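# Examining the three-dimensional arrangement
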Amino acid sequence: MINIAILGYGVVGSGVAEIIEKNKNNIAARAGQNIQVKRILDIKNFPDAPHKELITDNPDHIFKDKTISLVVETIGGTRAAYEFTKNAFMCGKHVVSSNKELVAAHGPELLKLAKKNRVNYMFEASVGGGIPIIRPLSRCLSANRINSITGILNGTTNYILTRMKVNGESFEDALKDARQKGYAEADPTADIEGHDACRKIAILSSIAYNEFVDASVIKTEGISKITMNDMEFAEAINSTIKLLALSRYENGKIYCRVAPGIIKKTHPLAGVDDVFNAVLVNGDAIGDAMFYGQGAGKLPTASAVIADVIDIVHDRYSVVDNVWVRPEKSNLVDIANESIRLFARFSARNREAAKQKINKVMGKVEYIELKANNEIAFITDLDLEGKLRALLASLRGSSEINKVENIIAAYI
Ligand code: HSE
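The following paragraphs examine the structure supplied in this document. (Residues numbered from 1 in each chain as written. Predicted model: local features only at pLDDT ≥ 70, side-chain atom pairs only at ≥ 80, totals over all residues. Heavy atoms only, no water.)

## Examining the nonpolar core
Ranked by internal contacts, the top residues of the largest apolar core, which has 75 residues, are Tyr-121, Leu-137, Ile-149, Leu-204 and Phe-343. At nine residues, helix H10 (residues 195-209) tops the list of elements feeding residues into this core. Excluding anything up to four places from it in sequence, Leu-137 contacts Ser-142, Ile-146, Ile-149, Leu-204, Ile-207, Ala-208 and Val-281. Counting 30 residues, the second-largest nonpolar core is a separate cluster that includes Ile-20, Ile-40, Ala-49 and Met-122. (Core = buried A, V, L, I, M, F, W, Y, C linked by side-chain atoms within 4.5 Å. Buried < 20%, exposed > 50% of the residue type's maximum accessible area, 1.4 Å probe, protein only. Helix = DSSP H or I, 4+ residues; strand = E, 2+ residues; numbered from the N terminus. Contact = heavy atoms within 4.5 Å.)

## A look at unusual backbone geometry
One non-glycine residue, Arg-118, adopts positive backbone phi at about 55°. Within the secondary structure, Arg-118 sits in the loop between helix H5 (100-116) and strand E6 (121-122). A relative accessible area of 71% places Arg-118 in the exposed class. Phi angles above zero are rare outside glycine, and Asn-251 is one such case at about 50°. One can find Asn-251 in the loop between strand E10 (239-250) and strand E11 (253-264).

## Section: the side chain of Ser-126
Residue placement: Ser-126 occurs in the loop between E6 and helix H6 (134-140). Residue class for Ser-126 comes out buried when judged on its relative accessible area of 1%. A polar atom in the side chain of Ser-126 sits 2.7 Å from the backbone oxygen of Phe-123. Each residue touching Ser-126, except ones within four places of it in the same chain, is listed here: Ser-97, Ser-98, Asn-99, Lys-100, Val-103, Ile-134, Lys-200 and Ile-203. (Polar contact = N/O pair within 3.5 Å; in protein donor to acceptor, adjacent residues only side chain to side chain.)

## Focus on the side chain of Ser-398
With respect to the secondary-structure elements, Ser-398 resides in the loop between helix H14 (385-396) and strand E19 (401-411). Side-chain polar atoms of Ser-398 contact the backbone oxygen of Leu-395, separated by 2.8 Å. Here Ser-398 is in contact with Arg-349 and Lys-357, once residues within four sequence places are set aside.

## Some thoughts on the pairing of E10
Among the 12 residues in E10, 10 count as buried, and that is most of the element. Bridge count for strand E7 (residues 146-152) against E10 is four bridges, and the pairing is antiparallel. Residue pairing in the sheet places Thr-150 in a bridge with Leu-246 of E10. Two elements, E10 and E11, share 12 bridges in a ladder whose sense is antiparallel. Bridge pairing in E11 links Ala-245 to Val-258. What sits between E10 and E11 in their antiparallel hairpin is a turn of two residues, with Asn-251 showing a positive phi close to 50°. (Pairing = 2+ DSSP bridges.)

## Notes on the environment of Asp-284
Inspection of the secondary structure puts Asp-284 in the loop between strand E12 (276-283) and strand E13 (287-294). For the pair Asp-284 and Phe-46, spaced 238 residues apart in sequence, the C-alpha to C-alpha distance is 50 Å. Aside from chain neighbours lying at most four places away, what touches Asp-284 is Asn-144, Arg-145 and Asn-147. At 2.9 Å, the side chain of Asp-284 forms a polar contact with the backbone nitrogen of Arg-145.

## Observations concerning the pattern of salt bridges
Counted by the stated rule, this structure contains 27 salt bridges. Asp-311 serves as the salt-bridge partner of Arg-135, at 2.8 Å between the closest nitrogen and oxygen. Here Arg-135 is found in helix H6, whereas its partner Asp-311 is found in helix H12 (residues 298-314), with 176 residues between them in sequence. Residue Arg-135 is classed as buried on the basis of its relative accessible area of 15%. In this structure, Asp-177 engages Lys-181 in a salt bridge whose closest nitrogen and oxygen atoms are separated by 3.6 Å. Through salt bridges with shared partners, a single ionic network connects Lys-100, Glu-185, Asp-196 and Lys-200. (Salt bridge = Lys/Arg side-chain N within 4 Å of Asp/Glu carboxyl O.)

## Examining the site of the ligand
The environment of the ligand is made up of Lys-100, Asn-154, Gly-155, Thr-156, Tyr-183, Ala-184, Glu-185, Asp-191, Asp-196, Lys-200, Gly-295 and Ala-296. Contact distances for the ligand include 2.7 Å between an oxygen atom and a backbone N or O atom of Gly-155. Contact distances for the ligand include 2.7 Å between an oxygen atom and a side-chain N or O atom of Lys-200. Taking a 2 Å distance to the grid points as the criterion, the majority of the atoms of the ligand fall inside the largest pocket. Here the residues of the shell around the ligand are counted per class, giving three nonpolar, four polar and five charged. (Near = heavy atom within 4 Å. 1 Å grid on protein atoms, 1.4 Å probe; cavity = no way out; pocket = protein on both sides within 12 Å on 5 of 7 lines; lining within 4 Å. Sits in = over half its atoms within 2 Å of the grid points. Nonpolar A, V, L, I, M, F, W, Y, C, P; charged D, E, K, R; others polar.)

Here you go:
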């Protein structure tokens, strides 16, 4: 019998307790012994919770209990979770985490501390919810040189974009729904503004390229500026808009960004809708491999947490020490110097005069015409992003153009 503790009885923590109880026979068969939740740490009261008798607000009940050998950290954030994780390692307890913010910010340091204390730090649930992706990248694909990762890594924003496009729902209603379903972060700004996806691509890229990719320097843009008009123009060219987290390794350098992107409907990620996430990995031996599943929510995320618990109990992987071989931070390339196509949408005082001005400034562009929309939208030619953005910015002040409504990366 192995005793574990759960730190944080929120959406994921309660899901972990629920599945461990519900699937206990199957889990015991896989782990080689029974796994029991002995304590749950939370400062809130849960008078009606099924595990209320296990809940304590005193960390000593866990850290000083020598019969608890593994701690599941589902608190989130980098404050209490960071201290508790370090404390657990120093008390000789393994830690399984779903906390992407903590892993992205302190992963190398925590892995080092875990190794020093001869315990494991595993975090499959930190990226992609229920999708196995950390283990495939660090283990199953380890023979490859990974060339690129392209992912839809945030369930909340994918759910919102899908609801807006398919049901014509407003951004606010779709977000409310995502929060009710337990997909969104405590502060959904992290979802909407792309920070959550940024932390996740930083973790995946660090593992894939074996360097510490620092989330704080990744160029990140969320979906708050995306409107129905953008979606209609994308639809007119048989494309869709997704919040894409992507990175690639080229000539010893890493390109990494998070931003909405227009992709053709034939792209493998175009049909990934609702709360689903997907990660498209390209390796030099395997070629393309895609991982798909529910990227957020109580039970899918708990499923990934418990898989790590089972692996540690079964002692299948002792001390995960081959991720982030080089803990020093990577230098990311300046995306302004990389080639891209951009979609731009303008409102104009005079359409014909505005188009003439655009042709003069931008050179060759592909216009997208919508009968019911008087705005001007086009896709630029492939060019350096910094140059394209400077040219688009120069249109801003011209008398023919009323307003630059939006600019979106176009991977078409
Ligand atoms: N808020 C996150 C999402 C939860 O929507 O993807 C899963 O990490």
